[in-house]
Amino acid sequence: MINNCLEKHDSQPVLDILQSPKFGLRVVPECAETYYKNLLEAKNLKTKEDSSEGPWLKLIMKNRYDYYYNVETGESTFVPPEGFIPKTSWLTSEEIQTIVGQVTADYNREQLWFANENLILQLQALARGFLVRKSYEERKGFLQKQEPSVIKIQASWKGYKQRKSYTDRLRVLQGNVAAIVKIQSWVKMWLARKAYKKRLQYFKDHNEEIVKIQAFLRANKARDDYRTLIGAENPPLNVLRKFAYLLDQSDLDFQEELEVTRLREEVVTKIRSNQQLEKDLNLMDIKIGLLVKNRISLQDVVLHSKKLNKKSKNQVEEMVTGDKQGIKGLSKERRKQLEAYQHLFYLLQTNPMYLAKLIFQMPQNKSTKFMDTVIFTLYNYASNQREEYLLLKLFKTALEEEINSKVDQIQDIVTGNPTVIKMVVSFNRGARGQNSLRQLLAPVVKEIMDDKSLLINTSPVEVYKAWVNQLETQTGEASKLPYDVTTEQALEHPEVVNRLESSIQSLRTVTDKVLVSIFSSLSMMPYGMRYIAKVLKNSLHEKFPDATEDELLKIVGNLLYYRYMNPAIVAPDGFDIIDMTAGGQIHSDQRRNLGCVAKVLQHAASNKLFEGESAHLSSMNTYLSQTYQKFRNFFQIACDVPEPEEKFNIDEYSDMVTLSKPVIYISIEEIINTHSLLLEHQDAIAPEQNDLLNELLEGLGAVPDVESFLGEGAVDPNDPNKENTLSQLAKTEISLSLTSKYELQEGEDQDLKGLMIKTKRLVVDVIRTQPGDTLLEILEIPASAQQESEHLKVVEKRAILDSKTPEKMKHSQSMLEDGQLPIEQKKRKIQRNLRTLEQAGLVSSANKYQEIINEIAKDIRNQRRYRHHRKAELVKLQQTLSALQSKTAFYEDQVNYYNTYIKTCLDNLTRKNSRRSIKLDGKVEEKGSRKLKHTSLKYTAARLHEKGVILEIEDLQTNQFKNVMFDITPGEEMGDFEIKAKFLGVQMEKVELHFQDLLQMQYEGVAVMKMFDKAKVNVNLLIFLLNKKFYGK
């Protein structure tokens, strides 16, 4: 049936036939097409093999019997038919079963693979990997084994190919050289132009960003160079060259320098005029105080008032705005002498040992006046850093000298009144340091004074009296309590104790405020005070090595607090800590509050507890001990300051590189007095014969008087007021431009520091116009024409600048001449100077003269600092001048106040005194135009002895006093008296007596004076006698 279907090409019944149970086959419906296809292929194959076949099929039944079947007729038999030819093209059942089984098995295997695809893939991968690795290892082993041969073959082959390629290419290029060059040039040009346009467009699109980046890089490079300049131990020459221009002086530098000079002159002049005005006002206070006791001195008060008015209205302005007399303002003959004085004062200013010794050679009263006038004038009241540096060196030298020579015990500094300490405190509380003290204390002092509810009284007796007065005021009845009591009796009352405790509590609170202000304002304290405190501590420790730290710090506290701050707290009006109006004064309660605070601070600073008379304040002792520890730390920190050389960046050679020469403003009288003192104490000040001071004093000769100092013709010899004129001229201030007589001259090599400075200037000029890695290289290589031209431009520019420079700011002539030399001559001079400096050990050619490069770098750094310091000094001078002008205005208000007071006195005197009238010009006229009679008084010495006027007469017994007669006659001028002494009728001596001098002595507490160098007179009784007999009280 299957064969029939195959011959009919009918595939539909095949599956059904195969599924028939009689076949017993496992048939899969999904493989129906495959069954048919494989069966058909097998049948067709058998047909092609044997085309001659019969219709009979031979079948084996039960594996034993042959069975024949005719497919065409359907006939069947077990006996082979005649002419039996089997039909071979049909498939047998075994073949059909084999084919179907094979297809089914393939299908099942395929399904199995599909079901285990991942596992099969892994298996395949492992197998393939194994095979590949095996193949790789075999190949690798082969190659490794044959590596030399492989490399040799590869090299030969590559070499051959490369040579062949190179030969072919070279042949082509050699045959087309012209064309290739042309193509290359065009292509390169096109590429370069394209890249340039692209880059240019990029720059245009990012112009702002590029500018910022360039600025940042340049600034960063400049900062790195500057850090190298200031930080490197040996800065390179190329870095130094970039900053050499900073050593040039610009127009702004000259303007600022001139402004500083002008302000410094105004400040110094203002200080001097204010000091004189203050002295005159103090004298006016004395005269008015004497006027209250003696009306006769009113004429002197009026005269002094007129002098004061003239000074306050005219003199101050003239001192500031008038032309100062310099060397050129005096006669030509005096010029050389004044130049010698310039050298002298420069030497005194820069060598503190001379003045330090001179101070201690003079009596204390003279040395104080000398310090207040000449010394502070010589240092311009420390109006700039140079003068402050030099003044501090003087203070240091003088303080060390005083401690070594006059201090025997460490407490002598506290118990005594050391000259230098007094001078330092006076200076730092004066015009220059006053602003610092005001900033330090003014806010807290003003707060204490403005607190009207604050009432501190630590005196039990005063508290008791105030309590009693309050009780009587409230009740209107007299208190039964005693008014005069002792401290112990006052403390017996609980109310007094309670009020005292309240005052102590308020005192602590207020004291804490002052302490906070002091401790938080250490930076405001003048550097000079802190440095002298450091010198004081170190000097005492050196002389008294066994002294403890506490003892030394107590001495420092005595200087910084007790001497410097304490008086300003107690009397803020006397030190300009607070603003006062003319005639105004501090209330007694305010002054007592400040006094109590100052007392507590004084005890705390010296670690002194309340004991004895102050035992009622012992409850504050713990507070004092705690405060002392704070003060102790404060004093330690205050002493931690750098040396002046480091602070001001100045040394003894700085004058040779500064822009302007130091100038002082000093009166002729002060010059003459200083000269006289130096000659008087010359042996003690400069004992060495070859001392520079001795040479200068020998050149000056004898001390001139005012007339010879000014020269002939300065004063009219026939002038009746010649003495007064000379006295006024002696106060004339002149300006001295201080210079050293021993400045390095051309060809000299003694002052190596000066030679170093000159060489540095020449080196700077050379390196700015000629490049090179080292100075030695620059000096050895000749300059080109272009470099010569550039150097000439620099020289011409400097010449123009020098022509505009004021005379007193110009450098020495030798330096100016060196600056004009051609570059090659400068180089030769540098080489000569370097050889000299190398012989002195200042430079070395082994390191290519790096020492002088380092010195120039230091000058550049100092120049920058100097400009900053100058700007700061301008501000400081302006502030100081403003404060001085305010002080002048205050003094002028006081002058006006005194004028009003004197006018009132004159009016009252005119109404009360019938015998005379005193005009404003000081002249006295008798009322009714009658002349006052000059009545003389005659007394024997015995009579005056009885009255107590005469105390004793030398070499004369008391019983002989009756033979001595005194004749007292009033002079032409009011207040003048002529006293004649006669012995046995014979005139012996005569003396002029000024009543004002008597009043001054009375004010100063002088009880006894000498007359005729023999008679001792009671001053108070003499004044009483003259008042009673000549003027009447």
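Going by the structure above, here's the rest.
The structure contained in this document is the topic of the report that follows. (Residues numbered from 1 in each chain as written. Predicted model: local features only at pLDDT ≥ 70, side-chain atom pairs only at ≥ 80, totals over all residues. Heavy atoms only, no water.)

## A closer look at the overall build of the protein chain
Filter applied, for reference: By the criteria applied, helices consist of DSSP H or I runs no shorter than four residues and strands consist of E runs no shorter than two, each listed in order from the N terminus. Using a 1.4 Å probe on the protein chains alone, a residue whose accessible area is under 20% of its type maximum counts as buried, one over 50% counts as exposed, and one in between counts as partly exposed. The contact rule is simple, with two residues in contact once any of their heavy atoms fall within 4.5 Å. Only the protein chains shown count as cover for residues, and the accessible areas themselves come from Shrake-Rupley with a 1.4 Å probe.
If you tally the helices and strands in the protein chain, you get 40 helices and 14 strands. The buried share among the 1033 residues of the protein chain stands at 40%. The long-range share in the protein chain, meaning contacts at least 24 apart out of those at least 6 apart in sequence, stands at 71%. For the protein chain, the exposed surface amounts to about 58700 Å²; the carbon and sulfur share of it is 51%.

## Side note on the nonpolar core
If you look at soluble globular proteins, the nonpolar side chains tend to sit buried side by side. Condition: In this text, buried Ala, Val, Leu, Ile, Met, Phe, Trp, Tyr and Cys residues form a nonpolar core when linked through side-chain atoms within 4.5 Å.
Phe 345, Leu 441 and Tyr 561 are the most contacted members of the largest nonpolar core, which totals 136 residues. At 11 residues, the largest contribution of residues to this core is made by helix H23 (residues 549–570). Every residue in contact with Leu 441, bar those within four places of it in the chain, is listed here: Ile 518, Met 565, Ala 568, Ile 569 and Ile 577.

## Notes on empty space enclosed by the protein
The line we're drawing: Residues are called lining when one of their atoms sits within 4 Å of a cavity or pocket point, these points coming from a 1 Å grid over the protein atoms alone, where a cavity is a set in which a 1.4 Å probe fits but cannot get out and a pocket is an open set with protein on both sides within 12 Å along at least five of seven lines. Grid points are joined across faces, edges and corners, and a volume is the space filled by probe spheres set on the points. Side-chain classes are defined by residue name, with Ala, Val, Leu, Ile, Met, Phe, Trp, Tyr, Cys and Pro counting as nonpolar, Asp, Glu, Lys and Arg as charged, and the others, Gly among them, as polar.
One pass over the full model with this rule turns up two cavities of 30 Å³ or more. Quantified by volume, the largest cavity comes out at close to 80 Å³. Lining the largest cavity are Leu 944, Val 949, Ile 950, Phe 966, Ile 968, Ile 979, Met 1011, Val 1017, Leu 1022 and Leu 1025. Looking at the lining of the largest cavity, the elements that each hand over two or more residues are strand S10 (964–970) and helix H40 (1019–1031). In the lining of the largest cavity, the residues fall into 10 nonpolar, no polar and no charged.

## A few points about the packing of aromatic side chains
In plain terms, the rule: Ring pairs shown here join Phe, Tyr and Trp side chains whose ring centres sit within 6.5 Å, with only the six-membered ring taken for Trp; geometry is labelled stacked below 30 degrees between planes, edge-to-face above 60, and tilted in between.
Under the definition given, this model contains 11 aromatic pairs. Considering the side-chain rings of Tyr 341 and Phe 345, the 6.5 Å spacing of their centres and the 35° angle between planes classify their relative orientation as tilted. On the criterion of helical spacing, the pair formed by Tyr 341 and Phe 345 is a turn pair, its members being four residues apart in helix H12 (residues 335–350). You can call Tyr 341 buried: its relative accessible area is 0%. Considering the side-chain rings of Phe 519 and Phe 631, the 5.4 Å spacing of their centres and the 85° angle between planes classify their relative orientation as edge-to-face. Here Phe 631 lies in helix H25 (residues 621–638) and Phe 519 lies in helix H21 (residues 494–519), a separation of 112 residues in the sequence. Judged by its relative accessible area of 25%, Phe 519 is partly exposed. Site record: aromatic cluster; members linked through ring pairs are Phe 519, Tyr 561, Phe 631, Phe 634 and Phe 635.

## Brief notes about the sheet that holds strand S11 (residues 976–983)
Here is the rule: The rule for pairing is simple: two strands pair if DSSP sees at least two bridges between them. For helices, the fitted axis covers only the stretch in contact; all axes are lines through C-alpha atoms, and the angles between them, taken along N-to-C directions, range from 0 to 180 degrees.
Spatially, four strands are ordered S8-S10-S11-S12 in an open sheet, and the strand pairing comes out antiparallel. For this open sheet the edge positions go to strand S8 (937–940) and strand S12 (986–994), each flanked by a neighbour on one side alone. Ignoring strand direction, the axes of neighbouring strands in this sheet form an average angle of 20°. Both S8 and S10 contribute to a ladder of four bridges, which runs antiparallel. By the bridge assignment for S10, Lys 938 is matched with Asp 967.

## A closer look at a nonpolar patch on the surface
Operational definition: Residues qualify for a patch when their relative accessible area is over 30% and they have no salt bridge, like charges being joined within 9 Å and the nonpolar side chains of Val, Leu, Ile, Met, Phe, Trp and Tyr within 5 Å. The term salt bridge refers to a side-chain nitrogen of Lys or Arg lying within 4 Å of a carboxyl oxygen of Asp or Glu.
A grouping of Leu 59, Met 61, Tyr 65, Tyr 69, Phe 78 and Val 79 is seen on the molecular surface, where their side chains present a nonpolar patch of about 570 Å² in accessible area. Put simply, the parts of the chain that give the nonpolar patch at least two residues each are strand S1 (56–61) and strand S2 (65–70). By the element assignment, Met 61 lies in strand S1.

## Side note on the packing of H21 against H25
The condition that has to hold: Roughly parallel covers angles under 35 degrees, roughly antiparallel covers those over 145, roughly perpendicular covers 65 to 115, and oblique covers all other angles.
Between H21 and H25, the shortest axis-to-axis distance is 11 Å and the interhelical angle comes to 10°. Considering their axes alone, H21 and H25 lie roughly parallel with respect to each other. Counting all contacts with H21, which are made through Arg 508, Thr 511, Asp 512, Leu 515, Ile 518 and Phe 519, the residues of H25 involved are Tyr 623, Thr 627, Lys 630, Phe 631 and Phe 634. Along the lines of polarity and charge, the residues of the contact of H21 with H25 split into six nonpolar, two polar and three charged.

## Some details on the sheet that holds S1
On the basis of which strands lie adjacent, the open sheet formed by three strands has the order S1-S2-S3 and antiparallel pairing. The sheet is open, and its two edges are formed by S1 and strand S3 (76–77), each paired on a single side. Pairing geometry for S1 and S2, over six bridges, is antiparallel. Looking at S2, one finds that Met 61 is bridged to Tyr 65.

## Structural notes on the pattern of salt bridges
Applying the stated criterion across every chain yields a total of 23 salt bridges. Across the salt bridge formed by Asp 106 and Arg 109, the nearest N and O atoms sit 3.0 Å from each other. Remark: Arg 109 and Asp 106 occur in helix H4 (residues 93–115); sequence separation between them is three residues, near one turn of the helix. Using a relative accessible area of 37% as the deciding quantity, one classes Arg 109 as partly exposed. Arg 499 is the partner of Glu 495 in a salt bridge, and the nearest nitrogen-oxygen pair spans 2.9 Å. Taken together, the residues span about one helical turn, with Glu 495 and Arg 499 both in helix H21 at a distance of four residues. Arg 499 sits in the partly exposed class, given a relative accessible area of 25%.

## Considerations on the side chain of His 616
For clarity, the cut-off: N or O atoms within 3.5 Å of each other form a polar contact, as long as, within protein, one can give a hydrogen and the other can take it, and as long as residues adjacent in sequence are counted only when both atoms are side-chain atoms.
Structurally, the position occupied by His 616 is in the loop between helix H24 (588–605) and H25. At a separation of 2.8 Å, a polar atom in the side chain of His 616 contacts the main-chain carbonyl oxygen of Thr 458. Polar contacts involving the side chain of His 616 include one to the main-chain carbonyl oxygen of Glu 613, which spans 3.5 Å. Setting aside its immediate chain neighbours within four residues, His 616 contacts Thr 458, Pro 460, Thr 487, Leu 491, Leu 500 and Ile 504.

## Some thoughts on the side chain of Gln 349
Inspection of the secondary structure puts Gln 349 in helix H12. Classification of Gln 349 as buried rests on a relative accessible area of 0%. Not counting residues within four places of it along the chain, the set of residues in contact with Gln 349 comprises Leu 378, Tyr 379, Arg 386, Glu 387, Leu 390, Pro 662, Ile 664 and Leu 738.

## Some words on unusual backbone geometry
One non-glycine residue, Asn 607, lies in positive phi territory at about 55°. The exposure class of Asn 607 is partly exposed, given its relative accessible area of 31%. Phi angles above zero are rare outside glycine, and Lys 848 is one such case at about 60°. Mapped onto the secondary structure, Lys 848 falls in the loop between helix H36 (823–839) and helix H37 (850–912).

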